[in-house]
Amino acid sequence: MKKSSKTDKPRKVSQVVVIGTSAGGLEALKKLLSQLPKDFPLSVLIVSHISPDATGNIFLDQLNKLDTLKFEHAKSGNDLKPAIGYLAPSDHHLLISKNCKMLITKGAHENRSRPAIDPLFRSAAVAFGAGVIGILLTGYLDDGTSGMKAIKKCGGICIVQDPEEAEYPDMPRNALNNIKVDYCLPIAEMGSLLSKIIPKRLSQIDKKGNKGKKAIPDDVLTEAKIAERVLSDLSSANKLGDQVPFNCPGCGGVLWKVGKDDDLRFRCHTGHAYTSAFLLAEQTNKIEETMWTALRMFEENKNLLTEMVRGKQGVGSKTAKERVKTTQVHIDRIRAILKTGENVGGDDMPT
């Protein structure tokens, strides 16, 4: 009788596919995921920027109509299984723990988003190293670029949608401008690419084992740990870089400039993180909010002064009327800025 072999045990998960997208993402995902077979050998984890009020059920329903993988919401503590696509739930980050289980956290927003792409990509790089295949699709600004860098640093494979065909090319283009990606191609060619590189990479991982495994860079490991914790971590932030004279739009705390790369990134000790583009967008929104508040307060002040001098004469009345005129000057200036969009609310965000 043939003895049972230890190799009959289930293979330890050594590879994973992570996908990030934003604006235009549903159609892009449908086009990509429809190319995958029902017996796809890996788990697929997906982050798409969605409203915190959305359930994501419509998203899942659309994906489950495809004749391909099974799709479901990711659940904290669950194991990763092949041929299943896991969608990050709204208003939560999707991460992968060191023991390759899913983590759903209510951590701080990154790049104004929760779920955000960077935390998933970063955690996957820490957990799987060279076994990660990261795919970045259509979307605004540059969420995903930092996560792609982490994947690259840890030996994984980076695939980016050709910006020329992306409905919103910012995210793919920013990744290309900052990373030497492995592949940049149209979505229609990604399915066949995955079918070629997955078995090849699995063979490489099996041959090299722990000997060929890249060490996880300290900065990647630190940021991954911060994302897992819903707490302040001043010492970790100090390790990442130097403090800068900007306040965090999310909590008002001090920001640190992360790393020494050409593309600027910032993080506060509570966990909020921003690329320079997202930080500028947040500051712009805060300026506009402040100006609307100032406009309201000036108008209330003018109205109160007007009521106080109504039907009255004398020096006090004259002074109050002068203040009304001065206040109106401030009101007109603020209104002019808000109407023209000068310095606030502009569309010329960096890409």
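Now for a look at the structure at hand. Computed from a predicted structure; not experimentally measured. (Residues numbered from 1 in each chain as written. Predicted model: local features only at pLDDT ≥ 70, side-chain atom pairs only at ≥ 80, totals over all residues. Heavy atoms only, no water.)

A word on helix α3 (residues 117-128). The terminal C-alpha atoms of α3 lie 16 Å apart, and with 12 residues this matches the ideal 16 Å at 1.5 Å per residue to within 8%. Extensive coverage of α3 is indicated by the burial of 12 of its 12 residues. Where α3 is concerned, the buried positions are I117, D118, P119, L120, F121, R122, S123, A124, A125, V126, A127 and F128. Note on α3: the residue one or two positions beyond its end, G129, has a positive phi of about 55 degrees. (Helix = DSSP H or I, 4+ residues; strand = E, 2+ residues; numbered from the N terminus. Expected span 1.5 Å × (residues − 1). Buried < 20%, exposed > 50% of the residue type's maximum accessible area, 1.4 Å probe, protein only.)

What follows is about the packing of aromatic side chains. For any pair of aromatic rings, the description rests on two quantities: the centre-to-centre distance and the angle between the ring planes. Applying the stated criterion across every chain yields a total of two aromatic pairs. Relative to Y168, the ring of Y140 has its centre 4.8 Å away and its plane inclined at 55 degrees; by these criteria the two rings are tilted. Of this pair, Y140 sits in the loop between β7 (132-136) and α4 (145-153) while Y168 sits in the loop between β8 (157-161) and α5 (170-178); the two residues are 28 residues apart in sequence, bridging distant segments of the chain. Arranged with centres 5.7 Å apart and planes meeting at 80 degrees, the rings of F246 and F266 form a pair that is edge-to-face. Of this pair, F246 sits in strand β10 (residues 241-247) while F266 sits in strand β12 (residues 265-268); the two residues are 20 residues apart in sequence, bridging distant segments of the chain. Taking relative accessible area as the criterion, F246 reaches 33% and is therefore assigned partly exposed. (Phe/Tyr/Trp six-rings, centres within 6.5 Å; stacked < 30°, edge-to-face > 60°.)

As a further point, take the nonpolar core. In globular proteins that are soluble, nonpolar side chains generally tend to be buried together. Residues L45 and I96 are the most contacted members of the largest nonpolar core, which totals 35 residues. Here this core gets eight residues from one element, more than from any other, and that element is α3. With residues near it in sequence (within four places) discarded, L45 still touches V16, V17, V18, I19, L80, Y86, L94, I96, M102 and L120. If you look at the next biggest cluster of nonpolar residues, it comprises 30 residues, including I46, L63, F71 and I159. (Core = buried A, V, L, I, M, F, W, Y, C linked by side-chain atoms within 4.5 Å. Contact = heavy atoms within 4.5 Å.)

Time to look at the pattern of salt bridges. A complete count under the given rule lists 17 salt bridges for this structure. For R265, the salt bridge identified is with E223, shortest N-O distance 2.6 Å. A residue pair is termed long-range when its members are at least 10 positions apart, and R265 in strand β12 and E223 in helix α7 (residues 218-228) qualify at 42 residues. Judged by relative accessible area, which is 11%, R265 ranks as buried. On the basis of relative accessibility, which here comes to 2%, the residue E223 falls in the buried class. Note that R267 is salt-bridged to E223, the shortest N-O span being 2.8 Å. A residue pair is termed long-range when its members are at least 10 positions apart, and R267 in strand β12 and E223 in helix α7 qualify at 44 residues. (Salt bridge = Lys/Arg side-chain N within 4 Å of Asp/Glu carboxyl O.)

Here we take up unusual backbone geometry. Omega for the bond connecting R114 with P115 falls within 30 degrees of zero, at 10 degrees, which places this linkage in the cis form. Tracing the sequence through the fold places P115 in the loop between β6 (102-105) and α3. A positive phi angle, near 65 degrees, is found at C100, a position not held by glycine. Inspection of the secondary structure puts C100 in the loop between β5 (93-96) and β6. Judged by relative accessible area, which is 15%, C100 ranks as buried. A positive phi angle, near 55 degrees, is found at L141, a position not held by glycine. Examined against the element boundaries, L141 turns out to sit in the loop between β7 and α4.

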